[in-house]
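Residue-level structural notes
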Amino acid sequence: MPFSAYRELLEKLGTRGIRLVAVSKTKPVSEILELYELGQRDFGENYVQELIEKQRNLPGDIRWHFIGHLQSNKVKNIASFIHMIQSVDSMKLLLEIDKQAEKNHRTIDCLLQMHIAREETKFGLDEQELHRLMETVVALRETGKAKGIRIAGCMGMASLTDNREIIQQEFTGLSSVFGWLKKTLPTDHADTLSMGMTSDYQIAAECGSTMVRIGSLLFGPRTSTEK
Ligand SMILES: *Cc1c(COP(=O)(O)O)cnc(C)c1O
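Quantities reported herein were computed from a predicted structural model and do not represent experimental measurements.

1. Let's talk about the overall build of the protein chain
Helix and strand counts for the protein chain stand at 9 helices and 8 strands. Here the C-alpha radius of gyration of the protein chain, 17 Å, is about what a compact globule of 227 residues would show, namely 17 Å. The dimensions of the protein chain, computed from C-alpha atoms along their principal axes, are 50 × 40 × 35 Å. Expressed as a percentage of the 227 residues in the protein chain, the buried residues total 49%. Contacts in the protein chain between residues far apart in sequence, at least 24 positions, make up 60% of those at least 6 positions apart.

Written as C-alpha cells, this is what we have:
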C-alpha cells in the first residue's frame with residue numbers, strides 16, 4: 001500500500017469524521033507492520049487463532065477489532081486485549097463477553113451485528129431479536145449488572161450487489177437502528193455505526209457511517225482460497 005493512497009483514503013474519511021479499521025485477515029504480520037508504520041492503529045480480524053498469534057507478534061498499542069463470527073467458548077481467549085467485538089449476534093455471546101470482561105477487570109466495547117443483507121448466509125440479528133436483546137440489557141443494567149460491556153453501536157454488511165439502491169436501503173435501515181439504539185440505552189453513549197467495506201464504503205459514508213472496515217483496498221485482493 002503506497003503511502004499516498006493510504007493518506008488519500010484517510011483524508012476522504014477524515015473530512016466526514018469516519019474511523020478506519022484495516023481488515024488484515026489472512027495477511028501476514030509484515031504487511032500489518034507496514035501499515036502500522038504509516039500510523040494505522042485499528043485492525044480487524046475474523047478468526048480467533050489468527051488474531052491471537054498476530055496480537056502476540058505485533059505492537060501493544062494496536063486496537064484489535066473482532067469482526068468475524070465468534071463462538072461464546074472462544075471469548076475467553078481474546079478478552080484480555082480485544083478493543084472491540086463488532087459481531088455480537090446473540091444474548092448468549094453478549095453475556096459471555098460481559099463475564100470474561102469482568103474477569104479481566106475491563107469493559108469491552110461491543111457492536112450488535114444486524115442482518116441487513118438479502119443473502120441468507122450472513123450472520124446477524126433481525127429487528128425482533130435486537131429488541132429482545134436490548135430489553136434484557138436494559139433490565140440487567142437496572143439491577144447494576146452487565147458492567148463488563150458497553151453497547152457502542154451496531155455493525156452490518158450490505159448485500160453483495162452492484163445495485164446501489166439496494167445497498168443504500170440496507171445502510172439507511174442500519175442507520176435508523178443505530179438511532180434507536182442510542183435512544184434506548186443512552187448510558188452507553190453509542191458512537192459507532194460500523195458499515196462499509198472496499199466495494200461500498202462510499203455509499204456507507206453517505207448513509208451516516210462512522211466506521212468503515214476495509215481490507216482489499218488496503219492490502220490487495222485476498223486469494224480465492226482465503227475467505
Ligand atoms: C473481510 C471483511 C471486511 C473487509 O472486506 P474488503 O472487501 O476486503 O474490504 C469487512 N467486514 C467484514 C465483516 C469482513 O469479514
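Resuming the write-up.
2. Here we look at the environment of Asp-89
Residue position: Asp-89 is located in the loop between β4 (84-88) and α5 (91-103). For Asp-89, a relative accessible area of 16% gives the class buried. For the pair formed by Asp-89 and Asp-126, sequence separation is 37 residues and the distance between their alpha carbons is 9.3 Å. Setting aside anything within four residues of it in sequence, one finds Asp-89 in contact with His-69, Phe-123, Gly-124 and Leu-125. A polar atom in the side chain of Asp-89 sits 3.3 Å from the side chain of His-69.

3. Digging into the site of the ligand
Around the ligand, the neighbouring residues are Val-23, Lys-25, Asn-46, Ile-67, Met-157, Met-197, Thr-198, Arg-213, Ile-214, Gly-215, Ser-216 and Arg-222. In this structure, Lys-25 approaches the ligand through a side-chain N or O atom, which is 2.7 Å from an oxygen atom. The contact in question runs from an oxygen atom of the ligand to an N or O atom on the side chain of Ser-216, over 2.7 Å. Protein burial of the ligand: of its 390 Å² of free accessible surface, 92% is covered by the chains. For the shell around the ligand, the class distribution of residues is 5 nonpolar, 4 polar and 3 charged.

4. Concerning the packing of α5 against helix α6 (residues 127-142)
Contact geometry of α5 with α6 gives a least axis separation of 10 Å together with a crossing angle of 30°. In terms of orientation, α5 lies roughly parallel with respect to α6. Our pair here, α5 against α6, has a crossing hand that is right-handed. On the side of α5, the interface is formed by Met-91, Leu-94 and Leu-95, while α6 contributes Leu-133, Thr-136, Val-137 and Leu-140. Each residue belonging to the contact of α5 with α6 can be placed in one class, and the counts come to 6 nonpolar, 1 polar and no charged.

The rules behind these values
Here the residue index of a chain counts from 1 through its sequence in written order. pLDDT decides what is reported in this predicted model: residues at 70 or higher carry local features, side-chain atom pairs at 80 or more are listed and counted, and totals for whole chains, interfaces and linings draw on all residues regardless. With hydrogens and water set aside, each side-chain value is computed from the structure's full complement of heavy atoms. In DSSP terms, a helix is any run of H or I states spanning at least four residues, a strand is any run of E spanning at least two, and both are numbered starting from the N terminus. Note on method: radius of gyration uses C-alpha positions; expected globular size equals 2.2 Å times residues raised to 0.38. For each residue, the accessible area found with a 1.4 Å probe, counting protein chains only, is set against the maximum for its type, and the residue is called buried under 20%, exposed over 50%, and partly exposed in between. Between two residues, a contact is recorded if the distance between any of their heavy atoms is within 4.5 Å. Any N or O atom pair separated by 3.5 Å or less is treated as a polar contact, with the protein-specific requirement of one donor-capable and one acceptor-capable atom, and with residues adjacent in sequence counted only for side-chain atom pairs. We call a residue near a molecule or strand as soon as one heavy atom of that residue lies within 4 Å of the molecule or strand. Accessible areas in this description were obtained via Shrake-Rupley with a 1.4 Å probe; residue shielding takes into account the shown protein chains only. Amino acids outside the nonpolar list (Ala, Val, Leu, Ile, Met, Phe, Trp, Tyr, Cys, Pro) and the charged list (Asp, Glu, Lys, Arg) are all regarded as polar, and Gly is one of them. In this description, a line fitted to the C-alpha atoms serves as the axis of each element, helices being fitted only across the stretch in contact, and the angle between N-to-C directions of two axes falls anywhere from 0 to 180 degrees. Note on angle classes: values under 35 degrees are labelled roughly parallel, values over 145 roughly antiparallel, values of 65 to 115 roughly perpendicular, and the remainder oblique. Should the near helix be turned anticlockwise from the far one by less than a right angle, the crossing is termed left-handed; should it be turned clockwise, right-handed.

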